[in-house]
2 protein chains.
Amino acid sequence: MDQKNRTTVGVIGAGSWGTALANIFADQGCPTTIWGRDVGVVDSIQLRHENPRYLTGVELSSKLKASTDLKKTIEQSDILICAIPTQQIRAVFSPFARELSTKTIVNSSKGIEMRTHLRVSEIFGALCPTARYVVLSGPSFAVEVARRLPTAVTVAAFGSEAARVIQNLMSNQYFRVYTSTDVVGVELAGSLKNVIAIATGLVNGLKLGYNAQAAIINRGIAEIMRMGRRFGAEPLTFLGLAGTGDLILTCTGPLSRNRNLGIRLGEGKALDDIQRELGGVAEGVFTAQSAFELASRHGVEMPITEQVFNILYKGSTAQQALSKLMARDLKEEWPSARATPS
Amino acid sequence: MDQKNRTTVGVIGAGSWGTALANIFADQGCPTTIWGRDVGVVDSIQLRHENPRYLTGVELSSKLKASTDLKKTIEQSDILICAIPTQQIRAVFSPFARELSTKTIVNSSKGIEMRTHLRVSEIFGALCPTARYVVLSGPSFAVEVARRLPTAVTVAAFGSEAARVIQNLMSNQYFRVYTSTDVVGVELAGSLKNVIAIATGLVNGLKLGYNAQAAIINRGIAEIMRMGRRFGAEPLTFLGLAGTGDLILTCTGPLSRNRNLGIRLGEGKALDDIQRELGGVAEGVFTAQSAFELASRHGVEMPITEQVFNILYKGSTAQQALSKLMARDLKEEWPSARATPS
């Protein structure tokens, strides 16, 4: 029996992304169980190898098991994949803090905890400092991964060993995994890009063209990097799969929730009406506030994030916000690049 | 009279991009003349303020002048914009090497000269070492610039002064200019991205999905950076407007010539047939060869460029090329990032 047949995996969260990740591990030969709250979804994955709610029509591995028993799923797994909304992580995992101490946690959720402004590694660090933590991120529509189309992602861990273990377990013909030691950068990139995705939508909604969209993505990455630098992240991470890679996907693929919200804001609709239409809040709406507060507190210049915040929370119009961006002082593209390259 | 009314500008090349750039200078109040070979195009710009061949229906500045007299256009201009195909630059400018010595040249052409493997700054450096050289690049569809939609670009010069002069002359409400001192990086990014655009098209042609497209763009930038590092370029340049910015545009906007060629290759069509269909050769076909030769000679690992070269020149199929990319050894995302940050 090789390593894959001996490593048990529990995926916490049976949404589209959790299901796609669980399917990779099952394809690889790891005994894998996916946990979800919804009995219908869990039964369907277990019995019919399909997630009818989030990945209709995609045939999952027949070896993938599903369960509604959170305690048992956590206890029996060597590796736990976190695939639930960021704001729920603390509540779901808190009761199992002791069990986590011997596990490897692979987090695939993006965002910053409200009020505490903690990244997911910091939430798990607070719950259980001895658990091995890995973050997985990159341009990856779940449905394409589940359909076994080629995808590349980054996994980052503070020590390179845990990341390499995950890399070796998950990499196959359709899923290519790169390793990194920049946990902070990968987490910030994944979270803050949702705000830039809203800004990209604004540009679409205002019908300002492709040049403006490309410029917003680029200058968005530049300001995410400024925040990253403040927290010790590696600049190149933002150029990688978890940074521009993910943003490119947002702007080329089917409408993301965040970009969709931006488009409607750009068209002049009110936030409340948009959220009613979309049936909920896009993650970037939370992150815009957290990021704006963090940037203000730490003196990081984030003009695009600031304008998105102004539109969402201060009643600015999209047109006013854009005028402010275009009227800023003329700049060097990377002012401190040569002085302080990292 | 301010600086703008005193600085005369000559734009060499009356294609869509030359016309859009000329229009900016005219909008800014600079006495501006655009040179072209085609009498019909020149007359139309001069008399009807329209370029009927490349920017149909866009109303140009009524102050923009046009001429078929190359010598006079060069002689009377303080600033010369180069907007002709890269492979023609040497032939067009050679007779005027002496006149160039007092000029500022703003190059907007992308590519590497065939056989010599010279970048455009090196071509002009060989023709006239004392001319001030500036390169302008970034995500910019000409038609959007001519329609005065928001656009951001980078201008790079070896000394920051010439770049700042151009920044101040060109920046306005719809055109935002960032400066850089990384001429080599901006030139390499602009040229090599055409090869990655072909690879992106291949992925589309093979119907491999958005994840794969985003991955190819990202890993494409990573290998362009490796080449850039070999020639002393600044890594962040490739993250900027001239790098990822331009690639994002290629993959989100209307079909670029290079991507279009890649799509048809991905669909299994023969190169000769595609070039007949497209009515000419896409710049990336030249660059794929130059870049592959340069990379081989200097020991730079460029797996995507190599596979594009193999398809274009060695009879590989798109499917074979992709399999090779997915089967490569597992890697760190940025192997030497922490060791040598710049």
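The preceding data block contains the structure.
None of these values were measured; they are calculated from a predicted model.

Calculation criteria
- Residues numbered from 1 in each chain as written.
- Chains lettered and ligands numbered in written order.
- Predicted model: local features only at pLDDT ≥ 70, side-chain atom pairs only at ≥ 80, totals over all residues.
- Heavy atoms only, no water.
- Least-squares fit on C-alpha atoms with pLDDT ≥ 70 in both.
- Contact = heavy atoms within 4.5 Å.
- Salt bridge = Lys/Arg side-chain N within 4 Å of Asp/Glu carboxyl O.
- Helix = DSSP H or I, 4+ residues; strand = E, 2+ residues; numbered from the N terminus.
- Buried < 20%, exposed > 50% of the residue type's maximum accessible area, 1.4 Å probe, protein only.
- Pairing = 2+ DSSP bridges.
- Axes fitted to C-alpha atoms, helices over the stretch in contact; angles between N-to-C directions.
- 1 Å grid on protein atoms, 1.4 Å probe; cavity = no way out; pocket = protein on both sides within 12 Å on 5 of 7 lines; lining within 4 Å.
- Points joined across faces, edges and corners; volume = space filled by probe spheres on them.
- Nonpolar A, V, L, I, M, F, W, Y, C, P; charged D, E, K, R; others polar.

1. Things to note about the relation of the copies chain B and chain A
Relating one copy of the chain to the other takes a rotation about an axis and a shift parallel to that axis. In screw terms, the move from chain B to chain A is a rotation of 180° and a rise of 0.0 Å along the axis, fitting with an RMSD of 0.0 Å. Expressed as a symmetry operation, the mapping of one chain copy onto the other fits a two-fold axis. Mapped onto chain A, 100% of the interface residues of chain B again fall at the interface, so both copies present the same surface.

2. Observations concerning the pattern of salt bridges
As enumerated under the stated definition, the model contains 24 salt bridges over all chains in all. Between Glu-277 of chain A and Arg-264 of chain A there is a salt bridge, and its shortest N-O distance comes to 2.2 Å. Here Glu-277 of chain A, found in helix α15 (residues 271–278), pairs with Arg-264 of chain A, found in helix α14 (residues 257–266); they are 13 residues apart in sequence, far enough to count as distant. Of the residues examined, Glu-277 of chain A reaches a relative accessible area of 45% and is grouped as partly exposed. The shortest N-O distance in the salt bridge between Lys-193 of chain B and Asp-246 of chain B comes to 3.8 Å. Of this pair, Lys-193 of chain B sits in helix α10 (residues 183–205) while Asp-246 of chain B sits in helix α13 (residues 241–252), and the two are 53 residues apart along the sequence. According to the relative accessible area criterion, Lys-193 of chain B is buried, its value standing at 8%. Among the charged side chains, a network of salt bridges with common partners joins Lys-110, Lys-193 and Asp-246 of chain A.

3. Section: the sheet that holds strand β2 (residues 32–35) of chain A
All names here are of chain A. Read across the open sheet, the eight strands follow the order β3-β2-β1-β4-β5-β6-β7-β8; overall the sheet is mixed. Across the chains shown, the open sheet's two edge strands, defined by having one partner strand only, are β3 (65–67) and β8 (175–180). Across the sheet, the mean angle separating the axes of adjacent strands is 25° when strand polarity is ignored. Examined bridge by bridge, strand β1 (residues 9–12) and strand β4 (residues 79–82) share four bridges and lie parallel to one another. Bridge pairing in β4 links Ile-12 to Cys-82. Against the sheet, helix α2 (residues 16–27) contacts β1, β2, β4, β6 (132–137) and β8, and its axis sits at roughly 170° relative to β2.

4. Things to note about the sheet that holds strand β7 (residues 151–157) of chain B
Residues and elements named next belong to chain B. Ordered by their spatial adjacency, eight strands build an open sheet running β3-β2-β1-β4-β5-β6-β7-β8, and the pairing between neighbours is mixed. Each edge of the sheet is formed by a strand with only one pairing partner; in this case those strands are β3 (65–67) and β8 (175–180). Each neighbouring strand pair of the sheet contributes to a mean axis angle of 25°, computed without reference to strand direction. Of the strands in this sheet, β5 (104–107), β6 (132–137), β7 and β8 touch α10, which is tilted by about 40° from β6.

5. Overview of empty space enclosed by the protein
Enumeration according to the criterion identifies six cavities of 30 Å³ or more in this entry. In this structure, the largest cavity occupies an estimated 240 Å³ of space. Residue lining of the largest cavity: 17 residues in total, with Arg-176 and Tyr-178 of chain A together with Ile-216, Arg-219 and Leu-325 of chain B positioned closest to the centre. Elements supplying a minimum of two residues to the lining of the largest cavity: β7 (151–157) and β8 of chain A together with α11 (210–230), α17 (303–314) and α18 (318–326) of chain B. Taken together, the residues of the lining of the largest cavity sort by class into eleven nonpolar, one polar and five charged.

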